[in-house]
Each structure stands twice: as structure tokens, then as C-alpha cells.
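Fold and geometry: a report
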Amino acid sequence: MEAAEKQEISVEDEAVDKTIFRDCNKIAFYRRQKQQLSKNTTYQALLESVTTGQESTKFQIINKATKIPLLAEIYGIERNIFRLKINEEAPLKPRLVSCSGDAGSLILANGKGDLKCHITANPFKIDLEFKKETVLSINSLGQLYFEHLQIPQKQRATKGNEESTAADTSQENQEDLGLWEEKFGKFVDVKANGPSSVGLDFSLYGFEHLYGIPQHAESHQLKNTRDGDAYRLYNLDVYGYQIHDKMGIYGSVPYLLAHKQGRTIGIFWLNASETLVEINTEPAVEYTLTQVGPAAAKQKVGCRTDVRWMSESGIIDVFLLLGPTPSDIFKQYSYLTGTQAMPPLFSLGYHQCRWNYEDEQDVKAVDAGFDEHDIPYDVMWLDIEHTEGKKYFTWDKKRFANPKRMQELLRSKKRKLVVISDPHIKVDPDYSVYAKAKEEGFFVRTPQGGDFEGVCWPGLSSYLDFTSPKVREWYSSLFDFPVYQGSTDILFVWNDMNEPSVFRGPELTMQKNAIHYGNWEHRELHNIYGFYQQMATAEGLIKRSQGKERPFVLSRSFFAGSQKYGAVWTGDNTAEWSYLKVSIPMLLTLSISGISFCGADVGGFIGNPEPELLVRWYQAGAYQPFFRGHATMNTKRREPWLFGEEHTRLIREAIKERYTLLPYLYSLFYHAHMSSEPVMRPLWIEFPDELETFGVEDEYMLGSALLVHPVTELQAAMVDVFLPGPNEIWYDSKTFAHWKGGCTVKIPVALDTIPVFQRGGSVVPIKTTVGKSTGWMADSPYGLHIALSTKDSAVGELYLDDGHSFQYLHQKQFLHRKLSFSSSVLINRCADERGHYPSKCKVEQILVLGLQKKPSSVTTHPSDGKVQPAAFTYSARTSTLSLEKLSLNIGDDWEVHIT
């Protein structure tokens, strides 16, 4: 693209221009729904219309003002999942148990009878009750809103048709309410069937701590919203997004969790159109009963939080997850959307990226720099400049004349390559990808039937319609080695700009009346567009290996379920301390929303980080799921060795810490994959009954064993670390100092300090030596860090497989070991008898933290029965026992006795 064009699209700007994007008050369906509040329109359930089938109970709801009926369906309430759908009874076109009661109400119950659904007819309301406690209500505020699709006026044959309208279509209201046309700047959104928004309110009883609905550069705990300041879920390319802002950015997961002592619940609002969420918490209040005598006392009324969901289109289709524990919620949500894909091991290493590494020689020099400075890394990344004229699946013939040679160099170091592949396709009849897609009709279309065209990196572009299964299948085939010339099996993929980004479009995205497969308008499925590209890419990488190899795909845009296809990141952040700080709650919110494989660009994508900030960001990133350094094209080069010897040493140490911890991380990802437990998690997940943890977002748990408190302040000399759990013991991972939980401790920090604490009662497996990349470490020895609880016991796990194939799934080629310490005996046993995998790896070191006295002897008891004495050292000052030069195979059963 020409320099002038780049300037026009604000590539050089370092902060978002908010005039390009709409706030809530400029969104017509938001204004219409807010206006309804003043009209007091109510709905009534017609319970005489109830029919009960095997899968659902159906009944009509009628708007008391317009008399237009809706069809409500309630689906089975087993698994503690309750589903409600509300749709038009006879729409113009498609829009995305026991029974008892009387004329005024209906009660549905699960098999056990502990979960009941009370449906009140007039006004329509649903109460969900668990063990006689009302957990939440639906439409208790009467904010059910449903705009019925309409035939355009010019097409109406009779006056009768005009009466079937829920919205005021008079001309004077058109401009303000955006009924048939909605203007924003120079853009006009024409609505073929008029307004089509939906909305519904939920009241949550006793809950004041809410989380979820990513992606926003905001606090982990959701805030109360003011009028005009709702959380917006609308995937947008927001370069240098503002922090502490509720505007939509790159991805949307319409899923919210509410937590209190004793219960966690979730609301999954299945709608891929633009969505707004309002939150209002009414705090607990005390009042005095009017009676006299012993009954007169102050009674406390619990707090209540009201949540209102509003979507521009589609139907109401909502899943209520009733937990009751955080772990239950994660399982219930993954039952609906899938678990995190098991990543290849290399993708958990460090990734080096920049817009752009210039040519093969540049790649070779940067790769050599890591070896020269003894810094491990696994993946080199190439941005758009590696292509010929921004045409994906091609190579710039001058810069990358021999891409296979470049990949073979990386392969020789046991490293990988990731290249970018965006959804926009350059309009060029000589470009084979464009020509084929044009011929087959694979592009998103205009309402008039032509290919939609917009401007992106290549200039004029058309956009592949990934919502079509046929398009996804074809796109997947483009990754076949004979088709993608110059690619090899170490090449993996990055999907960027897939919100989709359209430089001259409304809010830099696609017009809402563009047409997709099945004749769906873009407005109906905007937020799921990027999800489908990531799906097609992941499937393409799997197919090219005949289903044998795991893919790695990073996507900027995402939706509920994106975890099934790879990783996401927080987009175009800025090299400022505040962005480092906000990255923690952003990643925590993604993690509890099902997407465990997430990270933020280390150092900040935009701008030039000072060395201290860069070091602190590497230290934080080393303990987060996806670990990538990245920078935009107009920044100074920032490879880890360019900031002086001391800063190079500190960055090297942080990256090596990451590689040391890979066995633990990989085991956590296995649990995320199998049982949907987040890898990175807020403290309240591990300590669900401890109120003090509910608002903590400057520290987090990595799994259940490690607490990490990144340093996010300039020139910090001390950080306050909250150590939860009055019955817990926490050990500093470096000094081995320990504290009782349930308190805040002041930790001195130098620039080389990463405050990390191991929880008493845990065993953390590590690698004792670090190689150039994960590939060099397959057979390197393990160490075990055992932190004793108050009961002098500890448990942990290790998961191990080949790190790259699906053999763990299809052939059960894996090891899953349980490590337990009790009564001064460490036991290594099989945790899953189905798994078998030959491993040469030995446990070489064991460190026991919190051992109160020096043992007289330590012996190893391998499976062959040959008891051996083990050399050990004991520090009374730190209460640590250290065993070295062991040779215990990780895959064998064995014991270590301390006497």
C-alpha cells in the first residue's frame, strides 16, 4: 500500500480516534429500547397455550399493547442448565420434565425436584429456584423487548399488513430511532425488514460481583453502567484502544458470570449481532419491621444486580448456568461451546514477532541473535510484508526468494514459523485465490447481489464469506502443501483483521446490510465472522497433515467457542505502564470466559517501551498463557538484546523461567482441554468463599499452585501482595520465605524480582535445564518443587505426550502422573491407566519447602525394588530439603522416603 494510503487510515496514529466509533447513544436500537422504559409496555404469558414435549415446553407470550404473540420455549433443565428461547410465532423469515400449576402460573421441575422454574402469566416473569431459594428472575423489570420483522411499506398489499408493527414507523421518528434507515457519519444502513432488535432483563439475587463479557480494556469485575455507558459487544479494529472503556474492541463473548459466597451462576446470551449489556447493582439494605415485640428487628435485604441484554437482531436464546461452583460453571459452559484446544507444546514457548521482519536475512539474523545471547524462543512470525502485494498464500519474491530454505533453517533449530492470513482478498484477476473465489461466488455480497468490496491492506479487497461451509472447506484446502507454495509443516497461521476490518467502512468494519451465505445479513452474525475464519484455518492445518498434527492458529477476532480453534490476544495495545496493568484483568476475563489460550503483546504493540517497562512486561508475560513479543512497523527495533547487557540478562531470566515452568503449564492446558479449568485464573476461582478475593485483579493464580503478582508500576521498590486463605501457607518461589494466608504482605522488589508464590500443599513439575527451544528439551530432566501444607502434605500432577500430534487422543499415547507427598513419603503413581507413552525423562531434582527438621536419611524406592540412598542438603534457615542427581524415570512408579 502507498504511504499516502497508510496515513489516511491512521496507521501512524498512536491513539484511537473515538469519533470513528459510536457510543451507545448513537446506536438506534439502544435508544429505542431505552425509550420503551417510559412506556411501561408489558407482556403476558398465555399459559392456556402450554404444550410439553420431550425436549421443551412451549407457550405464547403476548404484548398487551400490540397484541402480537411471541413463542417461548423452555428446554430441559438437567445438568443445571436452563435454556429460554423467544421468537416470533410466524416470522417473515428465519431469525438467528414435569409440569404443574394453575391458570396464573406454571412450575417446571428437574428430576430431583431441587431446581424449579416458576412462570408467572401476568405480567410475564420467570423465577429460577434452587433448593427453595430464588436465584434469579427473568423479566422481573418488564424489559422484554422484541421488534417484529416487517414487509417494506412499498411492498405491502393491504392495510392489514401495516398493523403488524411493534415499533413506531412514523416519518418523524425515523431519523431519531433509525427504524428503516440508520445514519452514522456518511454511512446509511438500510434495513430491509425494518428494526429487529431484542432485549431482556435478568435479576440476580444476592450477587454483586459480576465478571465476563469480553473484550473490553476494563477491570475484571464488571462495573455498574450509567445511561449511555453500556458494555458494547461489537468486534472492531480499534488501533490503540483506550483503557477503562466499555466500547467494543476485537472480540465478543456474550457470557457473564455472577459470583457470591456459596454460588456461581452464568448467563450465556447466544446472539452474534451487536449487543449491549447494562448492569445495575442495588446494595443490601437494612430496615426495621413495623411489628412491635420480639419480632421487631432490623432485617437485612440482600443485594440484587439487574442485567439487561440488548441485541440489534436475532432472537432471544439464552442459557442460564446454575453452577453451583465455579468448576461446575466451567463444565456447563464448555458443554455448550467446547473446551480449549490442546495446544502443541511449541506454542507455549516464547514467540518473536514484529510488523515486519524485512527479509530472509533479517529472519536469519534475529534467529541467530537469540542463540548468541542464550535466549530460548520457539516461533518466528511474519506480518503482511512477507507477501507479494499483500496477497495471502504468496511470498514477496525479492524479500523471501526461498521460503523453504528459511523454514529449514528454523527447523534445524527445532523452531517454527507463523505467517499472517487475513480475510480480505485483493481484487486482482491475476491472483489465483481471488479469481477462484470470484468464480465460485465465495465472497460476501452487497444487497444488490455483487461482491462486497472494501479497502484494507492490499487496497480494494473482497471478503471471503467464512459463514459458508463450502467457503471454509475451500479455504482450508489452500493450506495444502502443493497449493500453498513455499509452505512446510513447521508453518502455522495468524488470522488478523478479521472483525472484519474495512478501512473506509462504518466504524472501520463491514456494512450491516451486506449479505452472507443463507441470505443472512451481516448484522445478524457480525461478531462470529472471525470465529469462522479461525475454524477454517485450524481445520486446514489439520487436513494438510491428514489429521495427524495439532494446529496453532492465533486470531484477533473471537466469539464464544473460539477456544476450540486456538489462541487469541488483546490486540493493538500501547507501550505504557497502564496497558501492562490492564492486560491482567483483560486476560483474566478471557480466561473465565472459556478462552484459556490468551495473551497480550509483550512490550506494547504501539510506541517504544522504556527498558524498565519492557523488562516488567517480559516478567508478566512469562507467567501468562500466550507469550509473544510484538511491535508495529514505526517503532524502534526491540529484540531482547538491544537494551544493554543488564536488561538483556533480566529478559533472558524471565524467558528461561517460562521454559523451566513448561511441564506445569502443559499440564494445566491438558486440564483446560479435558475439563475446561482455566489456566490463568482470578483468585476468587480458587477461593470462592473468601470475599477479599472477589475484586483482586493485580495478581492471579496460574493453575491452583502458583500465585503471580506482576510488577506494573514504574520504579516500584515494594508491592503489596494479598495471600488468600487463612489456612494456607505460601512460599516465595525464590527465597523460600513463607507466610500464613489471609493477609497482605509487603514484598521488596528489585528489577530482577518477579513476585511468584507457591501454595502449600502443591507439587509443581519443572524442567531443570533449558534448551534453545521446546524441541531441545523433550528429554531433559525434570525437577519437582514440593510445597508442604499445614498438614505436611502436597499433591500435584504431570501430563506428558509427544507435544504435537493427536496420538494422545486417538491412541492414548500420553502419561498422566499423580505426585503425592504424605507422612514423609513422596509417591509417583499413574493418574490415568488408559495412557501409555515411552519417556526417557528422569526426575533429577526434588526440592521440599516447609520441612521443619533435617532428615537422617533419604532413600529412593524405584519399581524394580532396589532401594538406594539419596544425597541431600538441608537448610534450617529456609526449612528446605534439596535432593540432586536422582535418576527416577517419570513414567515409572516409585517412592522417595524421608526419615
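A brief structural summary. Here the residue index of a chain counts from 1 through its sequence in written order. With the structure being a predicted model, the display of local features is reserved for residues of pLDDT at least 70 and the display and counting of side-chain atom pairs for 80 or more, all residues being used for whole-chain, interface and lining totals. Hydrogens and water molecules were not included; the side-chain quantities draw on all heavy atoms of the structure.

1. Structural notes on the sheet that holds strand β35 (residues 700–702)
The strand order β34-β35-β36-β41-β38-β39 describes an open sheet built from six strands, whose pairing is antiparallel. The two strands at the open ends of the sheet, each matched to only one other strand, are β34 (680–681) and β39 (738–740). Examined bridge by bridge, β34 and β35 share two bridges and lie antiparallel to one another. When the bridges of β35 are listed, R681 appears paired with M701. A pair of strands is treated as paired once DSSP finds two or more bridges between them. Numbering of helices and strands starts at the N terminus; helices are DSSP runs of H or I of at least 4 residues and strands are runs of E of at least 2.

2. Observations regarding empty space enclosed by the protein
Here the term cavity refers to a set of points on a 1 Å grid, laid over the protein atoms alone, in which a 1.4 Å probe fits but cannot get out; the term pocket refers to an open set having protein on both sides within 12 Å along at least five of seven lines, with lining residues being those that place an atom within 4 Å of a point. Grid points are joined across faces, edges and corners, and a volume is the space filled by probe spheres set on the points. For the largest cavity, the calculated volume is near 180 Å³. Lining the largest cavity are 15 residues, and of these R22, F187, D189, P506 and K512 sit closest to its centre. Every element with two or more residues in the lining of the largest cavity is listed here: β11 (181–184) and β12 (187–190). Side-chain classes follow a simple rule in which Ala, Val, Leu, Ile, Met, Phe, Trp, Tyr, Cys and Pro form the nonpolar group, Asp, Glu, Lys and Arg form the charged group, and the remainder, Gly included, forms the polar group. Residues that form the lining of the largest cavity fall into these classes: six nonpolar, three polar and six charged. Here the second largest cavity defines a volume of roughly 110 Å³. Lining the second largest cavity we find 16 residues, and of these F330, Y333, S591, G594 and S676 sit closest to its centre. Those elements that provide at least two residues to the lining of the second largest cavity are α5 (326–337) and α12 (577–592). Ranked by residues supplied to the lining of the second largest cavity, first place goes to α5 with three residues.

3. Here's the deal with the layout of surface pockets
The space that makes up the largest pocket amounts to roughly 880 Å³. Taken together, 39 residues make up the lining of the largest pocket; nearest its centre are L345, G775, D802, G803 and H804. Listed by contribution, the elements that provide at least two residues to the lining of the largest pocket are α11 (529–544), α15 (662–675) and β44 (794–800). In terms of residue class, the lining of the largest pocket is built from 20 nonpolar, six polar and 13 charged.

4. What about unusual backbone geometry?
Apart from glycine, the bulk of residues carry a negative phi angle, and the bulk of peptide bonds sit in the trans form. Here the amide bond leading from G323 into P324 is cis, since omega sits at 15°, within 30 degrees of zero. As for its placement among the helices and strands, P324 is situated in the loop between β22 (316–321) and α5. In this chain, E499 is followed by P500 through a cis amide linkage whose omega measures 5°. By secondary structure assignment, the location of P500 is in the loop between β29 (491–495) and α10 (522–525). The backbone phi angle of K812 is positive, close to 55°, even though this residue is not glycine.

5. Some points on α11
An ideal rise of 1.5 Å per residue puts 22 Å on 16 residues; α11 measures up with 23 Å between its terminal C-alpha atoms. Burial of α11 is extensive: 13 of the 16 residues sit out of reach of the surface. Residue Q546 follows α11 closely and has a positive phi angle near 55°. Multiplying 1.5 Å by the residue count of a helix minus one yields the expected span of that helix. The buried label applies to any residue whose accessible area, calculated with a 1.4 Å probe on protein chains only, is under 20% of its type's maximum; exposed applies above 50%, and partly exposed to all values in between.

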